[in-house]
Amino acid sequence: MQVALIYPYPKSSLIGCNPPVSLLYLAAAARDAGHEVTVLDVDEHSFSRDDIARWVGNHKPQIIGIPSFANNLTFTYRLVNKLSDGKPPWKILLGGPHPTAVPEEVMRKIPGCDMVLRGEADRSIVELLNCMEKGGELDEVKGLSFRRGDKITHNPDAPVLEELDALPLPARDMLGKAYGRGIYWRLGHRGTTDIIITSRGCPYNCNFCSKVCPVFRMRSLENVMEELKAIRSMGTRNVHFMDDLFVSDRERCIAISRMIRDEKLGMRFKVRGRVNTVDEELLAELKAAGTKAIVYGLESGSQKILDAMNKRTTVEMARKAILATKRSGIEVYLDCIIGYPGETEETIAETEKFILDVKPTAVALEVLYPLPTTKPKPTGH
Ligand code: SF4
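Cut-offs applied
- Residues numbered from 1 in each chain as written.
- Predicted model: local features only at pLDDT ≥ 70, side-chain atom pairs only at ≥ 80, totals over all residues.
- Helix = DSSP H or I, 4+ residues; strand = E, 2+ residues; numbered from the N terminus.
- Rg over C-alpha atoms; globule rule 2.2 N^0.38 Å.
- Buried ≥ 20, exposed ≤ 12 C-beta atoms within 10 Å, placed from the backbone.
- Contact = placed C-beta atoms within 7 Å.
- Expected span 1.5 Å × (residues − 1).
- Near = placed C-beta within 6 Å.
- Nonpolar A, V, L, I, M, F, W, Y, C, P; charged D, E, K, R; others polar.
- Pairing = 2+ DSSP bridges.
- Axes fitted to C-alpha atoms, helices over the stretch in contact; angles between N-to-C directions.
- Domains from an automatic or database assignment.
- Core = buried A, V, L, I, M, F, W, Y, C linked by C-beta atoms within 7 Å.

Enquirer: Looking at this model, I keep getting lost on the overall build of the chain. Mind explaining?
Expert: Across its full length, the chain carries 13 helices and 17 strands. Computed over its C-alpha atoms, the radius of gyration of the chain comes to 21 Å, within 12% of the 21 Å expected for a compact globule of 381 residues. For the chain, the spread of C-alpha atoms along the three principal axes comes to 60 × 50 × 35 Å. Across the 381 residues of the chain, 40% fall into the buried class. Taking the intrachain contacts of the chain between residues at least 6 apart in sequence as the baseline, contacts between residues at least 24 apart amount to 74%.

Written out as structure tokens, the structure reads:
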């Protein structure tokens, strides 16, 4: 099958522009299964919707795969409408967090969307492409929602991908010239910055957080190292660990840090941490491996709001972790959410005071965005 995988949303923002690694996982899996895959990252060309439609017209794929997120649904809707205008020869497949959470709603609101692959699609996209190539029955593809006449059919969920090591590494070679042109960057790093995902899911259950698959799974150290070396061989020294929670398994984190140090990769890292999972020994190991910064999901400086979020941390834990991180020579970046139900001017002032007290390198303040599958009301309210 001829497949076009498109990341159509500009990622450039104040904090960075990542290579579309989740899409590159699917590209690698489909290519390994013998399908002809093309990847378009709109950031490479600053394409408009019209440009994307022209690109698709030139490539003439049989199926177009597009990830979709709650915060850019309007763009997805308009793009799919454009690409499905006039009964084109291709099918349009959506995936990602939003269609996974509400596939029926997405397919009803976006009539040009022929199919949705729910959950992590690394395996199911191959099943789908093989099935379409052979003219098989779509009922057989696990995790697929599709149209049959006027009805939308939802096949059973695909099994959770347990063996992350069995997946091919993301097909970065399919990014064309984008990579070499240095369009991928991250606040706090100089030069091209890539991302890596060494585990999927997260063992915590914060009320505001939406995950495609919550089950926590880890890649082996060797498998992570293979990808880091591949990134290094492309001339990139900066890597952002994009795991939902990299610092969740202390021993594994130390083992990865030591392996990186032993391999003398000469790379610089930014990782995501949790204020209750770091200590001085771990921080020293991370620093020695080349960790430049840790991003903590502080969320709030108010204990009342942290408890309502089911964050399972305390303000004092956060203070201790942040100060220890700074003492270790690692920069601290904080992610905060403003406007969680129960937030008041006083709780915002507590967050403001906390940030001013601990003086991180940078803070990202996000206004709460309600997502499907998250809890609509805080615990106990
Ligand atoms: S916010 Fe972070 S710690 Fe909480 S559930 Fe989501 S990924 Fe896990």
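Back to the text.
Enquirer: I tried to follow helix α1 (residues 21-32) on my own but got confused; where do I start?
Expert: Every α-helix winds through 3.6 residues per turn, so residues three or four apart in the chain are directed the same way. With 12 residues, α1 extends 16 Å from end C-alpha to end C-alpha; this agrees with the ideal 16 Å at 1.5 Å per step. Most of α1 sits inside the fold, with 9 of its 12 residues counted as buried. Looking at the packing, one finds that the buried side of α1 touches β1 (2-7), β3 (36-41), β4 (63-67) and α7 (124-134). Looking one or two residues beyond α1, the residue adopting positive phi is glycine 34, at roughly 95°.

Enquirer: Which parts of the structure should I look at to understand the site of the ligand?
Expert: All residues adjacent to the ligand are Cys202, Tyr204, Asn205, Cys206, Cys209, Asp244, Leu245, Arg274 and Gly297. Each residue belonging to the shell around the ligand can be placed in one class, and the counts come to 5 nonpolar, 2 polar and 2 charged.

Enquirer: Explain the sheet that holds strand β6 (residues 115-117) here, please?
Expert: Working definition: the strands of a sheet are paired by backbone hydrogen bonds and lie parallel or antiparallel to each other. As summarised here, the arrangement of the 7 strands in space is β3-β1-β4-β5-β6-β7-β8, forming an open sheet in which the pairing is mixed. The open sheet is flanked by β3 and β8 (151-154), the only strands paired with a single partner. In this sheet, neighbouring strand axes are inclined to one another by 20° on average, regardless of whether the strands run parallel or antiparallel. Alignment of β6 against strand β7 (residues 144-148), held across 3 bridges, turns out to be antiparallel. Bridging across to β7, leucine 117 finds its partner in leucine 144. Against the sheet, α1 engages β1, β3 and β4, with an angle of about 165° to β3.

Enquirer: What is the right way to look at the environment of isoleucine 110 in this model?
Expert: Locating isoleucine 110 in the fold gives a position in the loop between α6 (103-109) and β6. A residue is classified by how many C-beta atoms lie within 10 Å of it, and isoleucine 110, with 22 of them, is buried. Sequence-wise, isoleucine 110 and leucine 73 are 37 residues apart; in three dimensions their C-alpha atoms are separated by 9.5 Å.

Enquirer: What am I meant to see in the pairing of strand β5 (residues 91-95) here?
Expert: Looking along a regular strand, one sees the side chains alternate between the two faces of the sheet. With 4 of its 5 residues buried, β5 lies for the most part within the structure. Two strands pair when backbone bridges link them, and β4 and β5 are joined in this way by 5 bridges, in the parallel orientation. Each residue of the ladder has a partner; that of glycine 65, found in β5, is leucine 93. Relative to β6, β5 is paired through 3 bridges, and the arrangement is parallel. When the bridges of β6 are listed, leucine 93 appears paired with methionine 115.

Enquirer: Before we go on, may I ask you to explain the environment of isoleucine 305 in this structure?
Expert: One can find isoleucine 305 in helix α11 (residues 303-308). It is 26 Å that separates the C-alpha atoms of isoleucine 305 and leucine 14, two residues lying 291 residues apart in sequence. Setting aside anything within four residues of it in sequence, one finds isoleucine 305 in contact with Ser300, Tyr340, Gly342, Glu343 and Thr347.

Enquirer: Just checking my understanding: could you explain the domain arrangement of the chain for this structure?
Expert: One frequently used descriptor of interface size is the decrease in accessible area upon assembly of the parts. Domain annotation for the chain reports domain 1 (2-154) and domain 2 (184-367). For domain 1 and domain 2, the distance between their C-alpha centroids amounts to 30 Å. Contact residues are listed per partner, giving 11 residues for domain 1 and 12 residues for domain 2. Of all elements in the fold, only β2 (16-17) and α5 (97-101) reach the threshold of two or more residues within the side of domain 1 that touches domain 2. Looking at the side of domain 1 that touches domain 2, the element that brings in the most residues is α5, giving 3 residues. Of the residues contributing to the side of domain 1 that touches domain 2, the split by class is 6 nonpolar, 4 polar and 1 charged.

Enquirer: What am I meant to see in the nonpolar core here?
Expert: Side chains of nonpolar character tend, in soluble globular proteins, to be buried together. Within the largest apolar cluster, 47 residues are counted, with the highest numbers of intra-cluster contacts made by Leu5, Leu26, Ala27 and Ile64. Setting aside anything within four residues of it in sequence, one finds leucine 26 in contact with Leu5, Gly65, Ala121, Asp122 and Ile125. In terms of nonpolar packing, the next biggest core, distinct from the first, is built from 34 residues, Val239, Ile256, Ile260 and Tyr333 among them.

Enquirer: Could you clarify how one ought to interpret unusual backbone geometry in this entry?
Expert: Negative phi is the rule for most residues except glycine; trans is the rule for most peptide bonds. Unusually for a residue other than glycine, glutamate 299 sits at a positive phi of about 70°. With respect to the helices, strands and loops of the structure, glutamate 299 is situated in strand β15 (residues 291-299). Residue glutamate 299 is classed as buried on the basis of its C-beta count, with 25 C-beta atoms lying within 10 Å. Positive phi is not limited to glycine here, since threonine 373 has a value of about 80°. With respect to the helices, strands and loops of the structure, threonine 373 is situated in the segment after β17 (362-367).

Enquirer: I keep staring at the sheet that holds β15 and nothing clicks. Help me out?
Expert: Across the sheet, which stays open at both edges, the 6 strands sit in the order β10-β13-β14-β15-β16-β17 with parallel pairing between neighbours. Bordering the open sheet on either side are β10 (193-196) and β17, each of which pairs with just one other strand. Taking each pair of neighbouring strands and ignoring which way they run, the sheet shows an average axis angle of 20°.

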